[in-house]
Amino acid sequence: MFDRVGEVMSLILGALAVGYLVYEVERRRRKLHELWDVLDDDDAVITAALQDMVESGELQPFAGASLA
Amino acid sequence: MAKSSRGPGSGRRRADLREEASAPAGGDVNLASPSGQAAHSAGAGPANAPRFRIFIVDCGWNSPARRVLLDNFSLIRELQQDDPIYVLSREKSIDLARRYGSRIGRDPILAVHDMAALERDGTTGFHGFRLSLGLLRTPQQALLGLQSFVRFLVTHRRSPDLEADIRANLRREGLMGAIDIMMQHESRDLVSDV
């Protein structure tokens, strides 16, 4: 009887551990993708706006030494 | 993120997007006079044309990430001399944030436009990447993020497939994260054994 309960508990704990690991990896993956993101179709308008600012001379390469 | 819908319409779409985005963003750009870098336009020729255009969008949140960026900007410029850096004024940054609300709180954002991809496919599909530095909450994290950013730019300037490199890097980071989690568990186990 106790053996069976022990087995079930081990299985449950093992499943919880694996579940937590998968959740944690996925959470970190999402955070990483929020931090580093590729520019794609979703960013097309903002990219075009920035490129236009450069082409029109509205934005110039930064020439100062520091931002402060 | 499926990115490669490249087709005959991409050039027309790019022109449309340019028209769409041509409205003035408002606010003056608070910049010093242009340097010699300005001569390196994307169409200047493949030999000496910059591979990237780097844009810094910063609304001015009083955050550790912003302080780290300000403290290290001159070093970033020295390390990244081959590609022009465009710093948007606070007014322009706020204007962009207002238009694209989901970006609020992520700045300073360092957006990198891959000129090779832009010239090939326009803004359709992959055309660069960005680091949302403002998401990093501690100075140490922000500094590490900034260092990774510059390292990636310097080591991948001549990459024939930047998108693949970025995805491979993210996969590797994800894998390292998984290993890190397991190692932390292991170290906790070790501690609990003592």
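Residues numbered from 1 in each chain as written. Chains lettered and ligands numbered in written order. Predicted model: local features only at pLDDT ≥ 70, side-chain atom pairs only at ≥ 80, totals over all residues. Heavy atoms only, no water.

So what's going on with the nonpolar core? Residues and values would help.
Counting residues in hydrophobic clusters, the biggest one holds 32 residues, and the most contacted among them are W36(A), F129(B), L133(B), F149(B) and I166(B). Examining the composition of this core, we find that six residues originate from one element, helix 5 (residues 139–155) of chain B, more than from any other. With near-sequence residues (within four places) excluded, I166(B) lies in contact with V38(A), F126(B), F129(B) and F152(B). If you look at the next biggest cluster of nonpolar residues, it comprises 13 residues, including V54(A), Y86(B), Y100(B) and I109(B). (Core = buried A, V, L, I, M, F, W, Y, C linked by side-chain atoms within 4.5 Å. Buried < 20%, exposed > 50% of the residue type's maximum accessible area, 1.4 Å probe, protein only. Helix = DSSP H or I, 4+ residues; strand = E, 2+ residues; numbered from the N terminus. Contact = heavy atoms within 4.5 Å.)

Any chance you could break down the sheet that holds strand 3 (residues 109–114) of chain B for me, citing the residues and the numbers?
Within the open sheet, the five strands sit side by side as 1(A)-4(B)-3(B)-1(B)-2(B). Their pairing is mixed. Looking at strand neighbours, the two that pair on one side only are strand 1 (36–39) of chain A together with strand 2 (85–87) of chain B, the edges of this open sheet. Each strand axis lies, on average, 20° off the axis of its neighbour in the sheet, ignoring direction. Of the strand pairs in this sheet, strand 1 (residues 52–57) of chain B and strand 2 of chain B are connected by three bridges, and their pairing is parallel. Bridged to I56(B) within strand 2 of chain B is V87(B). In this fold helix 2 (residues 64–79) of chain B packs onto strand 1, strand 2 and strand 3 of chain B, with an angle of close to 150° to the strand it touches most, strand 2 of chain B. Along the sheet, helix 5 of chain B makes contact with strand 1 of chain A together with strand 1, strand 3 and strand 4 (128–132) of chain B, crossing strand 4 of chain B at roughly 165°. (Pairing = 2+ DSSP bridges. Axes fitted to C-alpha atoms, helices over the stretch in contact; angles between N-to-C directions.)

Quick one: what's the story with the environment of V154(B), residue by residue and with numbers?
All names here are of chain B. In this structure, V154 sits in helix 5. C-alpha of V154 to C-alpha of Q80: the two residues are 74 residues apart in sequence and 7.0 Å apart in space. In this structure V154 touches L79 and Q80, once residues within four positions along its chain are discounted.

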